[in-house]
Amino acid sequence: MENKTRMKNKYKKPTTLNCYAGSRYRFSLMVCSFIGCVLLFHVYFLNQSQHSQHAVMQMNSDHPYYRELVEVEDDGIKIPPPRKRSPRAIKRKPKRPTTLIEEFLDESSQLRYIFFPGQKTAIDPLNDAGNESLYYHPGRIWLDTDGNPIQAHGGGILYDDRSRTYYWYGEYKDGPTYYAHKKAAARVDIIGVGCYSSKDLWTWKNEGIVLAAEEANETHDLHTSNVLERPKVIYNKNTNKYVMWMHIDDANYTKASVGIAISNSPTGPFDYIRSTRPHGFESRDMTIFKDDDDVAYLVYSSEDNSELHIGPLTQDYLDVTNVMRRILVGQHREAPALFKHEGTYYMITSGCTGWAPNEALAHAAESVMGPWETMGNPCVGGNKVFRLATFFAQSTFVLPLHGFPGVFIFMADRWNPADLRDSRYVWLPLLVGGPVDRPLDYSFGFPLWPRVSIYWHKRWKLPYKWSGKN
Ligand code: DGJ
C-alpha cells in the first residue's frame, strides 16, 4: 500500500508545483502572444505606411519628373579655414570655430554668397525662357514680370477659382532695415501687403500693394512705425469677399494682435477693419486655414510664444468664435503653415529665434482642433546643418499641388536681417508619405502618421504634367 502510494507519488508532481508550472506556461504563452501581437501590429502599421508611400509613388511614377522631386543632392558646403590671427590675439581671445548659422548671420562672412547669391543669378521669368524656364532656385533673387525682386515675404497663396489664377500675398519690405532701439529686432517700416498673380506659380505679375501703410495717423494699426507680418487671404463664398488676416504689432512686439481686412477683389484694394487679441490672448506669428467644408481657422502663437492656439472663424471670416484649443503647449513654436491630406491635418512650424533660422518640425492631427502630435524634422537632403536650419529658412505656407495628391509646395522665407528687403524665398517640394530617408525611430511604438518630407534641391521644377488648376 505504501509502495503503491510511493509509486503513484513518484509520477505525481506536488500540487503547488503543478500549479506553478501551469501558470508559468500560461504566463509564457501570454508573453509570446503579446510579443506576437506587437510584432503583427508593427508589421501591419509598417505595411500601412509603406503602402501609403507606395500609393504616392504609384500615383506619380509615370511622371518622369516626379522622381526628381524626391532625389536630393548633398550640399558640400565647407567652412573656409579661419582668417589668420596673430599668436597674441589668439592668446588674448581663443576663438571657437564659427558655426554655419553664425556665418549665415554675419554680413561680412566669406560664405554670404552661398546663402544670398547676387543679381546675376536671379530667377528672371522674362529672360529665362530657355533651359532655366520654370525652374525654382531656392535662395536666389526672384524677379517679377517687370524685372523687380518679388516683395511678398511671410506670405501665402490663394487660388482664385473665379479668375483661375494664383495670388501670392506677402510683406512688401522694400525699405531700409534699421533698429527702432538697441534691444529691438531688425525691422522695415510697414509699406503694405504686396500681391502678385500667376497661372504657372513661377511667372509672377506685380498687382501692387493691396493693403497700404498709413503714413499720417500715428495711432493707426498700419502706421509705418508698426509691424505687419504674415498676411494670408481666403475667399468667403457666402459674402463673396476676400478676407485678409495678418499679424499686427508695435515695434516692440507687445501689441501682439491680429488684423483683419476685406476686399471685393483678390487684387484689392483691401479695407482694413480692425485689430484684436483673439480670444483675449496675445497673438504673434499666425496663419489661417480654410477646410474642405469652408470652415476657416485661425492659428496663432500665444502665451509668450510658448504654445499655439487654434479656433474656428465666424461664417463671414471676420472674427473668431469663442471656441479655442491650446495646442503644442510648452513647445515654443511659431511660423505655422497648415495643410490637409486624405483627411489628416498637418502643420509645419519653426522654433522661436527671431530672424535666425532654426529647426522645423512637422505635426499631425486627426481633427484640426487637435490634439496635435509632433512628428519630427521633415527636412531631407542638403546636409545636416541645412536640415537643422530648415535650409536656412522659416516656414510660411504649404500649397497643395492640384492633380498631385500628397504633393505640396513648401514656402519659406530665408530672412536677411541685415537687409530684410533682400530676404529670399525657399520653395521646395513637400510630400506626405514620401520615401523614408533614414531608419524609422518610433521608440518601439507605431508610426501613427505618414511621413512628411521636404526635399532640398538647388534647382527643381514642378512635375511636367502640372499646368495650373485649369
Ligand atoms: C520670427 C517671426 O516668425 C517673423 O515673422 C518675425 O516676427 C521675426 N520673428 C521678428 O524677429
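As the structure is a prediction and not an experimental result, all values here were calculated from the model.

Procedures and definitions
- Residues numbered from 1 in each chain as written.
- Predicted model: local features only at pLDDT ≥ 70, side-chain atom pairs only at ≥ 80, totals over all residues.
- Helix = DSSP H or I, 4+ residues; strand = E, 2+ residues; numbered from the N terminus.
- Buried ≥ 20, exposed ≤ 12 C-beta atoms within 10 Å, placed from the backbone.
- Contact = placed C-beta atoms within 7 Å.
- Near = placed C-beta within 6 Å.
- Nonpolar A, V, L, I, M, F, W, Y, C, P; charged D, E, K, R; others polar.
- Pairing = 2+ DSSP bridges.
- Axes fitted to C-alpha atoms, helices over the stretch in contact; angles between N-to-C directions.
- Core = buried A, V, L, I, M, F, W, Y, C linked by C-beta atoms within 7 Å.
- Domains from an automatic or database assignment.
- pLDDT = per-residue confidence, 0-100.

> Explanation requested: the overall build of the protein in the structure shown.
Assigned secondary structure in the protein consists of 7 helices and 23 strands. Split into buried and exposed, the 470 residues of the protein put 37% on the buried side. Residue pairs in contact within the protein that sit at least 24 positions apart in sequence constitute 52% of those at least 6 positions apart.

> I tried to follow the environment of A335 on my own but got confused; where do I start?
Structurally, A335 is set in strand β15 (residues 334–341). You can call A335 buried: it has 26 C-beta atoms within 10 Å. Taking C-alpha positions, A335 is 5.7 Å from S350, a pair spaced 15 residues apart along the chain. The residues touching A335, leaving out its near neighbours within four places in the chain, are D285, T349, S350, Q394, S395 and T396.

> How should I be thinking about the site of the ligand in this particular structure?
Taken together, G154, A185, E229, R230, D285, E334, A335, G354, W355 and Q394 form the complete shell of residues around the ligand. Broken down by secondary-structure element, the contributors of at least two residues to the shell around the ligand are β7 (227–236) and β15. A per-class count over the shell around the ligand returns 3 nonpolar, 3 polar and 4 charged.

> Please clarify how the sheet that holds strand β1 (residues 153–160) should be interpreted in this entry.
Across the sheet, 4 strands lie side by side as β1-β2-β5-β6; this open sheet has antiparallel pairing. Only two strands of the sheet have a single neighbouring strand rather than two, namely β1 and β6 (205–212). Across this sheet, the average inter-strand angle for adjacent strands is 25°, counted without regard to direction. For strand β5 (residues 192–198) and β6, the ladder comprises 6 bridges, and the chain directions are antiparallel. Looking at β6, one finds that C195 is bridged to G208.

> Quick question: what am I supposed to make of the sheet that holds strand β19 (residues 379–380) here?
By way of backbone hydrogen bonds, the strands of a sheet pair with one another, either parallel or antiparallel. Strand order in the open sheet made by the 5 strands is β19-β23-β22-β21-β20, with mixed pairing throughout. If you trace the sheet from one side to the other, it starts and ends with β19 and β20 (394–400), each paired once.

> How should the nonpolar core be read in this particular structure?
Soluble globular proteins tend to pack their nonpolar side chains together in the buried interior. Formed by 100 residues in total, the largest nonpolar core has its most connected members in M244, W245, L298, V398, F410 and L428. Top element by residues in this core is strand β22 (residues 424–432). It accounts for 7 residues. For this core, the domains that each give at least three residues are domain 1 (49–76 + 116–455) and domain 2 (77–115). When sequence neighbours within four positions are dropped, the list of residues in contact with L298 reads W245, V258, P278, M286, I288, G311, L313 and V320.

> Help me out: how do you make sense of the pairing of β22 in this one?
In the case of a regular strand, side chains alternate between the two sheet surfaces. Taking burial as the measure, the 9 residues of β22 include 9 buried ones, the bulk of the element. Burial along β22 is two-sided: R424, V426, L428, L430 and V432 facing one way and Y425, W427, P429 and L431 facing the other are all buried. Bridge analysis of strand β21 (residues 407–414) against β22 gives 8 bridges, and the strand direction is antiparallel. Following the sheet pairing, F408 is matched in β22 by L430. Strand direction decides the pairing type here: β22 and strand β23 (residues 452–455), joined by 3 bridges, are antiparallel. Within the sheet, the bridge partner assigned to L431 lies in β23 and is S453.

> Where do I start with the confidence of the model for the protein in this structure?
For any part of a model where pLDDT is low, the fine detail of the predicted coordinates should not be relied upon. Here the protein shows a mean pLDDT of 86. Residues at 70 or above account for 80%. Segment residues 1–22 is flagged for pLDDT under 50; beyond a separation of four residues in sequence, or across chains, it makes 1 contact in the model. In the model, residues 41–59 has pLDDT below 50 throughout and makes 18 contacts with residues more than four positions away in sequence or in other chains.

> Would you mind going over the pairing of strand β11 (residues 286–290) with me for this structure?
For β11, the tally of buried residues reaches 5 of 5 residues, placing the bulk of the element in the interior. Taking every second residue as pointing to the same face, both faces of β11 are buried, with M286, I288 and K290 on one and T287 and F289 on the other. As defined by bridge partners, β11 adjoins strand β12 (residues 296–302) across 5 bridges and the pair is classed as antiparallel. When the sheet's bridge partners are listed, M286 is paired in β12 with Y300. Hairpin connection from β11 to β12: 5 residues lie between these consecutive antiparallel strands, with D294 at a positive phi of about 75°.

> Just checking my understanding: could you explain the environment of T254 for this structure?
The residue T254 is located in the loop between β8 (241–249) and β9 (257–263) in this model. Given 9 C-beta atoms within a 10 Å radius, T254 is considered exposed. Taking the C-alpha atoms as reference points, T254 and E282, 28 residues apart in sequence, are found 8.5 Å from one another.

> How should I be thinking about unusual backbone geometry in this particular structure?
Along the chain, G268 connects to P269 via a cis peptide bond; the corresponding omega equals 0°. Relative to the assigned elements, P269 resides in the loop between β9 and β10 (271–276). In this structure, the amide linkage connecting G370 to the following residue, P371, adopts the cis form with an omega of 5°. The topology assignment puts P371 in the loop between β17 (361–365) and β18 (373–376). Here the phi dihedral of R164 falls at roughly 50°; this positive angle occurs in a residue that is not glycine.

> It is not clear to me how the environment of V243 should be interpreted in this structure. Could you clarify?
Turning to its location among the elements, V243 is positioned in strand β8. Exposure remark for V243: the 23 C-beta atoms within 10 Å place this residue in the buried category. Setting aside anything within four residues of it in sequence, one finds V243 in contact with V233, I234, N236, I260, I262, Y317 and L318.

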